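So the chains spell out like this:
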Amino acid sequence: MGSTSALKELQRDLENKANDLSKLQKDIAKNHQVRKKYTIQLGENELVLKELDLLNEDANVYKLIGPVLVKQDLAEANANVRKRIDYISTELKRLDGILQDLEEKQNSKKEAIFKVQQRIQSLQAGKGKA
């Protein structure tokens with residue numbers, strides 16, 4: 001009966017590891033969503049920067065603040081957009097680092113699950129050493 005309790009313990013371990021893997025996969029999906037949002041914002045801001053670069057220095061630039069358009073200095077608008085691009089780029093790099101870490105954890109979880117599954121199969125086949 002010792003192998004039966006060992007088998008139950010391994011199945012519990014497998015279930016815990018599978019739950020952990022599921023959480024990691026949800027975190028990875030959430031990371032991808034946030035990354036997608038930032039990537040879209042980066043593209044929009046780069047487009048705005050190109051448009052601002054096309055303007056003459058005496059051109060009128062307006063910023064939407066709530067329901068109101070407020071006149072803004074071209075240099076200030078340029079600086080704001082560049083700051084936003086820097087911020088978004090930094091966030092994307094940070095998210096890439098987090099994603100890489102999550103994927104490494106996911107791979108190690110998958111390997112651990114595979115090993116537990118192999119141990120369960122060997123126990124069920126009657127040749128296990130628990």
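- Per an unreviewed UniProt entry, the protein chain carries the name Prefoldin subunit 6 and comes from Fraxinus pennsylvanica.
- Taken from UniProt, the Sequence similarities (unreviewed entry) comment for the protein chain reads in full: "Belongs to the prefoldin subunit beta family."

1. Focus: the overall build of the protein chain
Right, so step 1: When you go through the protein chain residue by residue, the secondary structure sums to two helices and two strands.
Right, so step 2: Starting at the N terminus and walking to the C terminus, you meet the elements of the protein chain as α-β-β-α.
Right, so step 3: Compactness check: the protein chain gives a C-alpha radius of gyration of 26 Å against a globular reference of 14 Å for 130 residues, more than 25% above the reference.
Right, so step 4: Here the C-alpha coordinates of the protein chain stretch approximately 85 × 25 × 15 Å along the principal axes.
Right, so step 5: The proportion of buried residues among the 130 residues of the protein chain is 25%.
Right, so step 6: For the protein chain, contacts bridging at least 24 residues in sequence account for 76% of all contacts bridging at least 6.
Right, so step 7: Accessible surface computed for the protein chain: about 9,700 Å², of which carbon and sulfur atoms make up 51%.
Right, so step 8: Computed over 24 positive and 20 negative side-chain charges, the separation of the two mean positions in the protein chain equals 11 Å.

2. Some points on the pairing of strand β1 (residues 61–65)
Within a regular strand, the side chains alternate between the two sheet faces.
Right, so step 1: As defined by bridge partners, β1 adjoins strand β2 (residues 68–72) across five bridges and the pair is classed as antiparallel. Note that in β2 the partner of Tyr62 across the bridge is Lys71.
Right, so step 2: Between β1 and the antiparallel strand that follows it, β2, lie two residues; Gly66 among them carries a positive phi value of about 65°.

3. Some thoughts on the packing of aromatic side chains
Right, so step 1: Within the structure shown, the criterion is met by zero aromatic pairs.
Right, so step 2: Lying across the ring of Tyr38, Lys37 places its NZ or CZ 5.4 Å from the centre.

4. Let's talk about helix α2 (residues 74–124)
Right, so step 1: With 51 residues, α2 ought to run about 75 Å at 1.5 Å a step, and its terminal C-alpha atoms sit 73 Å apart, in line with that.
Right, so step 2: After α2 finishes, the residue Gly126 shows a positive phi value of roughly 90°.

5. Regarding the pattern of salt bridges
Right, so step 1: All told, the structure shown has seven salt bridges when counted by the stated rule.
Right, so step 2: Among the ionic pairs, Lys109 bridges to Asp20, the shortest N-O distance being 3.4 Å. With Lys109 in helix α2 and Asp20 in helix α1 (residues 2–54), this residue pair connects regions lying 89 residues apart in the sequence.
Right, so step 3: Judged by relative accessible area, which is 30%, Asp20 ranks as partly exposed.
Right, so step 4: Notably, a salt bridge pairs Arg94 with Glu91, separated by 2.9 Å at the nearest N-O pair. Taken together, the residues span about one helical turn, with Arg94 and Glu91 both in helix α2 at a distance of three residues.
Right, so step 5: Using a relative accessible area of 44% as the deciding quantity, one classes Arg94 as partly exposed.

Quick notes on the rules
- Residues numbered from 1 in each chain as written.
- Predicted model: local features only at pLDDT ≥ 70, side-chain atom pairs only at ≥ 80, totals over all residues.
- Heavy atoms only, no water.
- UniProt positions renumbered as here; feature names shortened; annotations may be inferred.
- Helix = DSSP H or I, 4+ residues; strand = E, 2+ residues; numbered from the N terminus.
- Rg over C-alpha atoms; globule rule 2.2 N^0.38 Å.
- Buried < 20%, exposed > 50% of the residue type's maximum accessible area, 1.4 Å probe, protein only.
- Contact = heavy atoms within 4.5 Å.
- Areas by Shrake-Rupley, 256 points an atom, 1.4 Å probe, with all protein chains shown as cover.
- Lys, Arg positive; Asp, Glu negative; His and termini not counted.
- Charge placed at Lys NZ, Arg CZ, Asp CG, Glu CD.
- Pairing = 2+ DSSP bridges.
- Phe/Tyr/Trp six-rings, centres within 6.5 Å; stacked < 30°, edge-to-face > 60°.
- Lys NZ or Arg CZ within 6 Å of the ring centre and 35° of its normal.
- Expected span 1.5 Å × (residues − 1).
- Salt bridge = Lys/Arg side-chain N within 4 Å of Asp/Glu carboxyl O.

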